[in-house]
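# Chain and residue survey
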Amino acid sequence: MTLAAAASATLVGAVLLAVGLFGVLRPYTVALWRERIDAVGSTRSWDDVEPTEWRVTIARYTFAILLGGGVLFLWMAAQQWLNLT
């Protein structure tokens with residue numbers, strides 16, 4: 001184990017944790033953003049789109065998986081930091 005491996009695992013874990021936490025706490029915002037991106041090029045305005053309930057649910061579960069991945073990376077990083085000492 002090297003210092004660089006521990007540091008990179010910590011960074012990746014922190015980013016995944018932050019993104020996953022945002023998506024789990026605000027799935028409607030993420031789904032709305034996705035719907036607005038999908039509305040580009042259509043005749044509907046950005047203000048007129050609303051995400052469906054299934055898209056909000058998919059966003060919630062997707063970001064929960066990212067959150068779990070962040071926790072896993074941080075756990076592995078902690079193990080690497082402990083092995084360095």
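Residues numbered from 1 in each chain as written. Predicted model: local features only at pLDDT ≥ 70, side-chain atom pairs only at ≥ 80, totals over all residues. Heavy atoms only, no water.

### Quick word on the packing of helix H1 (residues 3-25) against helix H2 (residues 27-38)
The interhelical angle for the contact between H1 and H2, taken along N-to-C directions, is 90°, at an axis separation of 5 Å. With respect to H2, the axis of H1 lies roughly perpendicular. Only Pro27, Thr29 and Val30 of H2 make contact with H1, whose side of the interface consists of Phe22, Gly23, Val24 and Leu25. Residues that form the contact of H1 with H2 fall into these classes: 5 nonpolar, 2 polar and no charged. (Axes fitted to C-alpha atoms, helices over the stretch in contact; angles between N-to-C directions. Helix = DSSP H or I, 4+ residues; strand = E, 2+ residues; numbered from the N terminus. Parallel < 35°, antiparallel > 145°, perpendicular 65-115°, else oblique. Contact = heavy atoms within 4.5 Å. Nonpolar A, V, L, I, M, F, W, Y, C, P; charged D, E, K, R; others polar.)

### Some details on the pattern of salt bridges
Summed over the entire model, instances satisfying the criterion amount to 3 salt bridges. Here Asp38 ties to Arg34 by a salt bridge, and the two come within 3.9 Å at their closest N and O atoms. Of this pair, Asp38 and Arg34 both sit in helix H2, 4 residues apart, which is roughly one turn of that helix. When the shortest N-O distance is used, the salt bridge between Asp38 and Arg55 registers 3.6 Å. Taken together, the residues Asp38 in helix H2 and Arg55 in helix H3 (residues 53-84) connect sequence positions 17 residues apart. Judged by its relative accessible area of 18%, Arg55 is buried. When salt bridges with common partners are traced through the structure, they connect Arg34, Glu35, Asp38 and Arg55 into a single cluster. (Salt bridge = Lys/Arg side-chain N within 4 Å of Asp/Glu carboxyl O. Buried < 20%, exposed > 50% of the residue type's maximum accessible area, 1.4 Å probe, protein only.)

### Some words on H3
Taking 1.5 Å per residue as the helical rise, H3 with its 32 residues ought to reach 46 Å, and the 47 Å between its terminal C-alpha atoms agrees with that figure. Every buried residue of H3 is accounted for by Arg55, Val56, Ala59, Phe63, Gly70, Ala77 and Gln80. Next to the buried residues of H3 lie H1 and H2. (Expected span 1.5 Å × (residues − 1).)

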